[in-house]
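# A closer look at the structure
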Amino acid sequence: IGRHVLKSPDGNILKHRGLPMDVIRDIIIKDWAGQAGPGPDNNHKGYYITGKLNSTIYRDDCLFDGPDPDMPVRGLRKYLSAASNLFDAKHSRATLLSLETIQKATANVGIGAGAGGIIEVTWEISGVLMLPWRPKVKPWSGWTRYHLDEDGLVAFHEEGWDISTIQAFVDTILPEVGERIWGGNEQIEAA
């Protein structure tokens, strides 16, 4: 479950506290590009597709929340386990579209989340889910906010989609019905 969680030589889980915001931003960008670095096999194969991210900037008890019915999830290992088994990495992609750094948070969301600032990204994702019938996920976009605590660790990973949860569900379970309702690759704003 925790195969992507980095450990120090003494066996403890490694955390980088107090990093400057620009360093955290660069780590998040690298996580989106894929941990293995640039190259044709790693392009757009970041952590939303592979479940591999730099765990040193996340609290172990980080809260991951979003419109997905399996959320919220508390705990880095639990989230990584689910994320690493969701998409077929060979046939899926996640593209980072933009990134904005907000130094001071306007609100705290539990366990000090946001006290150290917020980094917000927008993205597009598509691919094939690792379900028995291998449904294709047509391209859709969304956003993720990384709320940092007072130690500069991600304490709250908040996600939103530009499609409704019902559209995502129907497109996955009954793609032909979803196509008739919402069309081919058109994206519908969530109500």
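Please read these numbers as outputs of a predicted model, since none were measured by experiment. (Residues numbered from 1 in each chain as written. Predicted model: local features only at pLDDT ≥ 70, side-chain atom pairs only at ≥ 80, totals over all residues. Heavy atoms only, no water.)

What follows deals with helix 1 (residues 21–33). With 13 residues, helix 1 should cover 18 Å at 1.5 Å per step; its first-to-last C-alpha distance of 19 Å lies within 8% of that length. Restricting attention to buried positions, one finds in helix 1 the residues M21, I24, I27, I28, D31 and W32. One side of helix 1 holds all its buried residues, which, seen down the axis, span an arc of 140°. The inward-facing, buried residues of helix 1 abut helix 2 (47–50), strand 1 (58–65), strand 3 (93–102), strand 4 (117–128) and strand 5 (136–148). Directly beyond the C-terminal end of helix 1, a positive phi value near 115° is found at G34. (Helix = DSSP H or I, 4+ residues; strand = E, 2+ residues; numbered from the N terminus. Expected span 1.5 Å × (residues − 1). Buried < 20%, exposed > 50% of the residue type's maximum accessible area, 1.4 Å probe, protein only. Arc of directions from axis to C-beta. Contact = heavy atoms within 4.5 Å.)

Unfilled space is identified by rolling a water-sized probe across the atoms. The space that makes up the largest pocket amounts to roughly 850 Å³. As for the largest pocket, its lining consists of 31 residues, and the residues nearest its centre are D68, D70, L86, L129 and W161. Of all elements in the fold, only helix 3 (76–83), strand 4, strand 5, strand 6 (154–161) and helix 4 (165–173) reach the threshold of two or more residues within the lining of the largest pocket. With seven residues, the single largest contributor to the lining of the largest pocket is helix 4. (1 Å grid on protein atoms, 1.4 Å probe; cavity = no way out; pocket = protein on both sides within 12 Å on 5 of 7 lines; lining within 4 Å. Points joined across faces, edges and corners; volume = space filled by probe spheres on them.)

Within strand 6, seven of the eight residues are buried, which leaves it mostly tucked inside the rest of the structure. Where strand 5 and strand 6 come together, seven bridges link them in antiparallel fashion. Its bridge partner being in strand 6, L148 is matched across the sheet by V154. Here strand 5 folds back onto strand 6 in antiparallel fashion, the turn holding five residues, of which G152 has a positive phi close to 80°. (Pairing = 2+ DSSP bridges.)

This part covers the packing of helix 4 against helix 5 (residues 175–182). For any two helices packed against each other, one specifies the crossing angle of their axes together with the interaxial distance. Two numbers describe how helix 4 lies on helix 5: the axes approach to 5 Å, and their chain directions differ by 135°. With respect to helix 5, the axis of helix 4 lies oblique. Along its contact with helix 4, which presents I166, Q167, V170, D171, T172 and I173, the element helix 5 presents P175, V177, G178, E179 and W182. Of the residues assigned to the contact of helix 4 with helix 5, the class counts are six nonpolar, three polar and two charged. (Axes fitted to C-alpha atoms, helices over the stretch in contact; angles between N-to-C directions. Parallel < 35°, antiparallel > 145°, perpendicular 65-115°, else oblique. Nonpolar A, V, L, I, M, F, W, Y, C, P; charged D, E, K, R; others polar.)

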